[in-house]
Amino acid sequence: MKKQKSLIALLVCLALCLISMIGTWCGITDGGKVKVYDLSIDTNKGDVVRFLEYRPKTASAENPVPAIIYSPGNDSTAESVRLASVELARRGYDVFVLDLLSAGHSSLGVGNSTTFGFQELIDYVYDNLDYIDNAHIGIAGYSKGGGNVVRVMNDYGTQQREDPDHYVRKVDAALIMAPPFSPLGDVAKGINLGFAAGLYDPYSRIGFAPVEGYWPGDLSVKREMKETINFGVPGTFAEADLDNPDVKVEIGHTYGSFSENTARVVYNPADSTHGSGMISRGFIFATVDFFMKAIPAPSPIDANNLTYLSVMLFSALGLVALLAMTVPVTLLLLDTPLFAALRHPAKPPVSALNTKKDWTIFVVASLIAGFVPPIMAPVIIQQTSKIFSLTGQGTTGSIFVYGVANNVVVWMMFSALFLLAMFFLFYNVIHKKNGVKLADYNIKVSPADVGRIILMVFAVVLTCRSVVWFADYFFKVDFRLVDLSMATMNWNHLRVSLCYAPFFILYWCINSLTMNGCNRFKNMSEGKNLLLCVLCNTLGTVVVVLVYYICLYKTGCGIGAFGNWKAYMMLSYMILSATAGTIINRKIYNATGSLYLGPAVFGTLIAIINTAVYTLPAA
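Residues numbered from 1 in each chain as written. Predicted model: local features only at pLDDT ≥ 70, side-chain atom pairs only at ≥ 80, totals over all residues. Heavy atoms only, no water.

Asker: Just give me the short version of the pairing of strand β3 (residues 65-71), but keep the residues and values in it.
Answerer: Counting buried residues along β3, seven of its seven residues qualify, which places the element largely inside the surrounding structure. Two strands pair when backbone bridges link them, and β3 and strand β5 (residues 132-142) are joined in this way by six bridges, in the parallel orientation. Bridge assignment links I69 to a residue of β5, and that residue is I139. The pairing of β3 with strand β4 (residues 94-98) spans four bridges and is parallel. Bridging from a neighbouring strand, Y70 pairs with V97 of β4. (Buried < 20%, exposed > 50% of the residue type's maximum accessible area, 1.4 Å probe, protein only. Helix = DSSP H or I, 4+ residues; strand = E, 2+ residues; numbered from the N terminus. Pairing = 2+ DSSP bridges.)

Asker: Quick one: what's the story with the pairing of strand β6 (residues 173-177), residue by residue and with numbers?
Answerer: Judged by how many residues are buried, β6 sits mostly within the fold: five of five residues are covered. Taking every second residue as pointing to the same face, both faces of β6 are buried, with A173, L175 and M177 on one and A174 and I176 on the other. Of the strand pairs in this sheet, β5 and β6 are connected by five bridges, and their pairing is parallel. By the bridge assignment for β6, A140 is matched with L175. With five bridges connecting them, β6 and strand β7 (residues 192-196) associate as parallel partners. For M177, the partnering residue across the bridge sits in β7 and is A196.

Asker: Which residues make up a nonpolar patch on the surface, and what values do they have?
Answerer: Residues W359, V363, L367, L531, L535, L539, V543, V547 and I559 make up a contiguous nonpolar surface patch of about 700 Å² in total accessible area. Looking at the nonpolar patch, the elements that each hand over two or more residues are α8 (356-380) and α14 (526-555). Looking at which element gives the most residues to the nonpolar patch, the answer is α14, with five residues. Mapped onto the fold, W359 is located in helix α8. (Patch = residues over 30% accessible without salt bridge, like charges linked within 9 Å, V, L, I, M, F, W, Y side chains within 5 Å. Areas by Shrake-Rupley, 256 points an atom, 1.4 Å probe, with all protein chains shown as cover. Salt bridge = Lys/Arg side-chain N within 4 Å of Asp/Glu carboxyl O.)

Nothing here speaks to function; it is all geometry.
Structural data, given as structure tokens:
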């Protein structure tokens, strides 16, 4: 009966993955009207730039279409800006999005291109594709990608000024989104320009002079935005108006003329911090609105008519189903001769809270263990790169090459050690006095079982990766929720990503010792106890994240230093993974009595998920 239930659960998870693939494919292809190509080009310096192309089926040499070339940010892959790409493609634009040099399946040649391959892709599209109307090419970028757009526009401006006879106007419109601001007076003339940064985005403050009495991220009162408009449309704001906050930039208004290529538009979406820009309706609307005004869409659809949410939800469904699949796959493998020795149903709980004093100590200890790590996160990640570079110089090293993953891992190691200390404190104060021994938590594991656990991890991960490969091969989709993703990797990527797995596994082993050992209580139902453990793992992080974002929305600045937003974005993702990990580990623990099997399986998968978006090319 249990085997049958596991088989049904696996089939349900696979069915949900298939629904995710089909739903995501329908969204990104506009029901088959757009075809997605996974391509690459070689640069003149020998690098490979991989990119995705969302090509309308109407595009041909006889019917060339306009193109939008998009740069993602922060060493991200092309898939990270899928939602905006989808909305542009369904309006008839041919959309090109690259893996930046240093990310995904592009080369590691960071120093070989000031724009990480973005300029090279623009040149390729302009010079080589007869189905592209190269008189109507737009460029866009978010965060680091926005900086790439600025560099391209500044280079064009230099050519205009210093070598006008050889200047070629390759770009019709440029949209700069959420980079650290730098003056835009040197960008090329005769190109429509848009600038966007979120009302709550830290980068709406960095590079701008503060305006007393006004919201920190309000671009409408920034002198720098007025100057940007004046660079394109001279005289729009008088000198006396530049520092007068009563004279405002009208957000979303077109200054100048799109038809005369003098347009300047400022967007200031009110629904986004920096980390959520890729799913922000305000940013996606701004992208569509700007380019539809700058470059007439072959299939004009109102900019408010956005369907990207369905793509995001279908893709997230697959990620959830893939994680859930680990439980039935593991349980089914336990019925095979190779892994049968691991199946030892968990014994009844040995821990108990017998008095009000016990409960008080448990609650206080759990709150301390739950709140201290997230409160410390902004401080801890400031030291991350120094620790993981193995040199102390504050750069990524040859082994631990993923800056974002390094942040996660260092914080998790602090959390693990702190949780372990709280475990021993709580055990000695309560459970040891109640007659419980450490051996009762089934801490010991035989070398043979260690080998079986390693083989089980390999089998489960291979099964999950096979579903990912199937999705990519047949549908050109992956499973993701913002920056948490199960995406395609080559074996070198996977090898480097797995360098992080031991740290994730260690954290979840210590967590399992606490939640599946110490915190399993007599006379408490399994459902209530599992909910209690989920709360122990997530409540403190939820509260800390809520406090930060409530403060952000009340003051516009959040808490602490500018760079703290990265820590709170990381913590937001940890809420999701902590919830999933607690449930998955408990389900596997109940079937095996092992504190280590669930953490090994889940820890490996979550390590891959945490490095998939920011995968740097393996040498």
